[in-house]
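The lines below spell out each chain.
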Amino acid sequence: MSSIWEENNKFNIWLKIEKLACEAQAELGVIPNSVAQKLSGAIEFDIERINEIESIVKHDVIAFLTYVAEKAGVDVRYLHYGMTSSDVLDTCLAVQLKESCDILLGNLKNLLAVLKKKAEDYKDIVCVGRSHGMHAEPTTLGLKFARFYAEFKRNYQRLISAQKEISICKISGAVGNFANVDPFVEEYVAKEMGLIPETISSQVIPRDRHAMFFSVLGVIASSIENIAIEIRHLQRTEIGEISEHFSIGQKGSSAMPHKCNPILSENLTGLSRLIRSYVFPALENVALWHERDISHSSVERCIAPDACITMDFALVRLTDLIDKLVINKENIEKNLNSSKGLVFSQRVLLELVNSGLAREEAYKIVQSNAMKVKQNNSDFLAELKQDKPLLKVINSEKLESLFDLKYYTKHVGHIYSKVFN
């Protein structure tokens, strides 16, 4: 990923754009064929020399063109003919973002494969579901992974759309009206570089496209944190259902030798915050003065490589983390049973309603018994069996049948069929 954003690669893309533009101009009979031919050979870029020229001319593209003219012996009159700097800069950025997307989409495919395997491996492992951080009702560990799979499948589609949105070529001149460059040049360059000609531009490609791209990265970052937070909570000492792989020789703390901390998940939480921070300046870049100012330029020089490289790192790290997760089935079962049967409260409530009680009356009966369990550390089923008014509606045998975990997994197959098609 980082090689896409290296200076040498950027200059090679600039050179390719200039060369293709010259080919198109020559085909139109605007400039001699010899110009593109002289640009066809490989040019070794001396970054220090280009920077030296830029320190004098105070313009990066002019410095580049001056250097190319020096090295290739091109007649300067015909180089960059009818074009503006943003024709090169924006088309190059499109190439870099498109290529970055290819890597990120590959990362997402790898992540989806790992999430799917975990969902299949733990499809039938019943665990307690939590809302507000508190025990709610039984679910399965597999459904957690399946939910994350579906979320990242949506992210994959979002990134495909974002890639299409920013894979744009713009060679339309100083204010985007093709006054000094024929539209054929843009079409020619776009086709050769695997891009789409911009529908309409100013001096730049409209920045709503880029805002869309960085916003999608922000959504993906939030999904990364969504998984990371789940792992961090489930690794807590008092829960201990899932934990990060702790390698031989690894140390958790300089002070406390017993510590095994969820450092990878914490790291991913921080990286997610960083990636999301790039969304706001990308949105701010949409509003430019008239046909263009350069307030967007300094922002993109920072956030484009940083966001792509950081996202690449985060997705690779997350995939490896999930692949090596340690699952503690004993703690999963222990935690499920620790609420003394309270996770079955809604099923008891609904059975009372189905047996003819008003919902509020049924709710009062179930809640009063649930509170006894909390106060006395007793068993929910045992408390219910001592409730004489309740037993007039539901007998003991029926009550026992309600405390069945299979009731909560009966539609897992249906959910999986929707998630994994």
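Residues numbered from 1 in each chain as written. Predicted model: local features only at pLDDT ≥ 70, side-chain atom pairs only at ≥ 80, totals over all residues. Heavy atoms only, no water.

Caption draft 1: Spatial organisation of the domain arrangement of the chain. For the chain, the domain assignment lists domain 1 (2-78), domain 2 (85-335) and domain 3 (342-402). Taking only C-alpha atoms into account, the centre of domain 1 sits 33 Å from that of domain 2. Buried area between domain 1 and domain 2, both sides added, is near 2,000 Å², and the carbon and sulfur share of it is 76%. Looking at the side of domain 1 facing domain 2, the largest losses of area belong to Ile-4, Trp-5 and Ile-17, adding up to 35% of the total buried there. Our count for the contact surface shared by domain 1 and domain 2 stands at one salt bridge. Arg-301 is paired through a salt bridge with Asp-60; the nearest N and O atoms lie 2.8 Å apart. Every element with two or more residues in the side of domain 1 that touches domain 2 is listed here: helix H1 (7-27) and helix H4 (60-72). (Domains from an automatic or database assignment. Buried area = accessible area lost by both parts, 1.4 Å probe. Salt bridge = Lys/Arg side-chain N within 4 Å of Asp/Glu carboxyl O. Helix = DSSP H or I, 4+ residues; strand = E, 2+ residues; numbered from the N terminus.)

Caption draft 2: A look at the nonpolar core. Formed by 63 residues in total, the largest nonpolar core has its most connected members in Phe-152, Leu-159 and Phe-213. Listing elements by their share of this core, those giving two or more residues are helix H5 (85-121), helix H6 (141-166), helix H8 (208-234), helix H9 (263-277), helix H11 (295-323) and helix H18 (412-420). Ranked by residues supplied to this core, first place goes to H6 with 12 residues. Discounting chain neighbours no more than four positions away, the residues touching Phe-213 are Leu-97, Cys-101, Leu-159, Ala-162, Ile-166 and Cys-308. Phe-11, Leu-15, Leu-39 and Ile-53 belong to the second-largest nonpolar core, a separate cluster that totals 43 residues. (Core = buried A, V, L, I, M, F, W, Y, C linked by side-chain atoms within 4.5 Å. Buried < 20%, exposed > 50% of the residue type's maximum accessible area, 1.4 Å probe, protein only. Contact = heavy atoms within 4.5 Å.)

Caption draft 3: Up close: a nonpolar patch on the surface. Where nonpolar side chains cluster on the molecular surface, the patch consists of Leu-28, Val-30 and Tyr-81 and spans about 230 Å² of accessible area. Mapped onto the fold, Tyr-81 is located in the loop between H4 and H5. What makes Tyr-81 partly exposed here is its relative accessible area of 36%. (Patch = residues over 30% accessible without salt bridge, like charges linked within 9 Å, V, L, I, M, F, W, Y side chains within 5 Å. Areas by Shrake-Rupley, 256 points an atom, 1.4 Å probe, with all protein chains shown as cover.)

Caption draft 4: Structural context of the state of the cysteines. If you walk through the whole model with that rule in mind, you get zero disulfides. Unpaired in this structure, Cys-92 has its nearest cysteine sulfur neighbour in Cys-169, at a distance of 12 Å. Classification of Cys-92 by relative accessible area gives buried; the value is 2%. Of the cysteine sulfurs around Cys-101, a residue in no disulfide, the closest is that of Cys-308, at 6.8 Å. Taking relative accessible area as the criterion, Cys-101 reaches 0% and is therefore assigned buried. (Disulfide = S-S within 2.5 Å.)

Caption draft 5: A look at the side chain of Glu-244. Turning to its location among the elements, Glu-244 is positioned in the loop between strand E5 (242-243) and H9. Nearest to the buried, unbridged Glu-244 among oppositely charged side chains is Arg-232, at 7.5 Å. Looking at Glu-244, its side chain comes within polar contact range of the main-chain nitrogen of Ile-263, at 3.3 Å. Setting aside anything within four residues of it in sequence, one finds Glu-244 in contact with Ile-231, Gln-235, Asn-261, Pro-262, Ile-263, Leu-264, Ser-265, Leu-321, Leu-325 and Val-326. (Lys, Arg positive; Asp, Glu negative; His and termini not counted. Polar contact = N/O pair within 3.5 Å; in protein donor to acceptor, adjacent residues only side chain to side chain.)

Caption draft 6: Representation of the pairing of strand E2 (residues 134-140). Relative to E2, strand E1 (residues 126-131) runs antiparallel, the two sharing five bridges. Opposite Val-126, over in E2, you have Thr-140 as the bridge partner. (Pairing = 2+ DSSP bridges.)

Caption draft 7: Focus on the pattern of salt bridges. A complete count under the given rule lists 16 salt bridges for this structure. The closest approach of N and O atoms between Glu-7 and Lys-10, which form a salt bridge, is 3.0 Å. On the criterion of helical spacing, the pair formed by Glu-7 and Lys-10 is a turn pair, its members being three residues apart in helix H1. On the basis of relative accessible area, Glu-7 is assigned to the partly exposed category, the value being 36%. When the shortest N-O distance is used, the salt bridge between Glu-23 and Lys-19 registers 2.5 Å. Of the two residues, Glu-23 and Lys-19 both sit in helix H1, four residues apart, roughly one turn of that helix. When its relative accessible area of 21% is taken as the criterion, Glu-23 is described as partly exposed.

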